[in-house]
Amino acid sequence: DIFRADVEFEHNNEKKMCSLRSIHSVEDTNFNKFIDEVFNGDLNSFIDFYLKKFASKLENKIKKYESVGIKKCFVLTWHIDIIPYIKENQFLNERFLTMQVNNTTIESIWDIQKYSPEMTIMGDPYFLKKDILVKDGHTSLTAQYVIAEAIIKKIESYEQSTIHTI
């Protein structure tokens, strides 16, 4: 998530880190000047640049892991911003995990949590039945099951495609 983690950028031949959630960080690191100078003040152009670069780094990292013996790496994303960049990259798209809930295809953890309140810990029926207030938006056991099923299905699909009959 570009707005959750610090963003690395290079300005005037100097690498810097900036938290986009903090106006002080944006000003202290000259990130705002970087956006003005390099992207004509267009933050959306920077986001596009950043996500393309992120997708490229992800592809290279997966290729590295697979080159040293890991059969196949898969891609599961929490946020939706990167999904178009995954889908336009054939290598990443082949490894992209989607989930199925009631015949609905879900492409991110963010989307599975929006699909149903029970997909978050705070909406988990277990806690609701016990009248326990939980303030945690992470995935529930139900959502973890859906994610696990998607991983198993993807592995089975990959394994089936590598079986050769004689």
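So, how was this worked out
Residues numbered from 1 in each chain as written. Predicted model: local features only at pLDDT ≥ 70, side-chain atom pairs only at ≥ 80, totals over all residues. Heavy atoms only, no water. Helix = DSSP H or I, 4+ residues; strand = E, 2+ residues; numbered from the N terminus. Contact = heavy atoms within 4.5 Å. Areas by Shrake-Rupley, 256 points an atom, 1.4 Å probe, with all protein chains shown as cover. Phe/Tyr/Trp six-rings, centres within 6.5 Å; stacked < 30°, edge-to-face > 60°. Buried < 20%, exposed > 50% of the residue type's maximum accessible area, 1.4 Å probe, protein only. Salt bridge = Lys/Arg side-chain N within 4 Å of Asp/Glu carboxyl O. Pairing = 2+ DSSP bridges. Expected span 1.5 Å × (residues − 1). Arc of directions from axis to C-beta.

(A) Local environment of the overall build of the protein. Broken down by element type, the protein carries eight helices and four strands. Taken from the N to the C terminus, the helices and strands of the protein come in the order β-β-α-α-α-α-α-β-β-α-α-α. If one aligns the C-alpha atoms of the protein with their principal axes, the spans along those axes are about 60 × 55 × 25 Å. Once local pairs closer than 6 in sequence are excluded, the contacts in the protein between residues at least 24 apart make up 39%. For the protein, the exposed surface amounts to about 11200 Å²; the carbon and sulfur share of it is 52%.

(B) Quick peek at the packing of aromatic side chains. Under the counting rule described, the total for this entry stands at 11 aromatic pairs. With 5.8 Å between their ring centres and 40° between their planes, Phe31 and Phe34 make a pair best called tilted. Residue Phe31 and its partner Phe34 are located together in helix H2 (residues 31-39), separated by three residues, close to a single helical turn. Take Phe31 and Phe34: they sit in the same class, and that class is buried.

(C) How the structure looks around the pattern of salt bridges. Tallied over the full model, the rule gives seven salt bridges. Lys114 is the salt-bridge partner of Asp111, the closest N and O atoms lying 3.9 Å from each other. Taken together, the positions of Asp111 and Lys114, both in helix H6 (residues 109-115) and three residues apart, correspond to about one turn of that helix. Overall, the relative accessible area of 22% leaves Asp111 in the partly exposed class. Connected through shared salt-bridge partners, Glu66, Glu94 and Arg95 make up one network.

(D) Main features of the pairing of strand S1 (residues 7-11). Residue alternation in S1 divides its side chains into a buried set, Val7, Phe9 and His11, and an unburied set, Glu8 and Glu10. Where S1 lies against strand S2 (residues 14-18), five bridges are found, and the strand directions are antiparallel. Residue pairing for S2: Glu8 is matched across the bridge by Met17. Count of turn residues in the S1/S2 antiparallel hairpin: two residues, of which Asn12 carries a positive phi of about 55°.

(E) Broad picture of helix H8 (residues 141-161). Here H8 spans 30 Å end to end across 21 residues, near enough to the 30 Å set by a 1.5 Å rise per residue. Those residues of H8 that fall on the buried side of the exposure criterion are Ala143, Val146, Ile147, Ala150 and Lys154. Angularly, the buried residues of H8 cover 95° about the axis, an arc narrow enough to put them on a single face. Exposed residues pointing more than 90 degrees away from the buried face of H8 are listed as Leu141, Tyr145, Glu156 and Gln160. Elements in contact with the buried residues of H8: helix H5 (90-95), strand S3 (99-101) and H6.

(F) Structural detail: unusual backbone geometry. If you check the backbone angles, Asn13 has positive phi at about 60° while not being a glycine. Within the secondary structure layout, Asn13 lies in the loop between S1 and S2. Here Asn13 falls in the exposed class, since its relative accessible area comes to 76%. Positive phi, normally seen in glycine, also occurs at Asn103, with a value near 60°. Secondary-structure assignment places Asn103 in the loop between S3 and strand S4 (104-106). Since its relative accessible area comes to 79%, Asn103 is described here as exposed.

Functional significance is not addressed by these values, which are geometric in nature.
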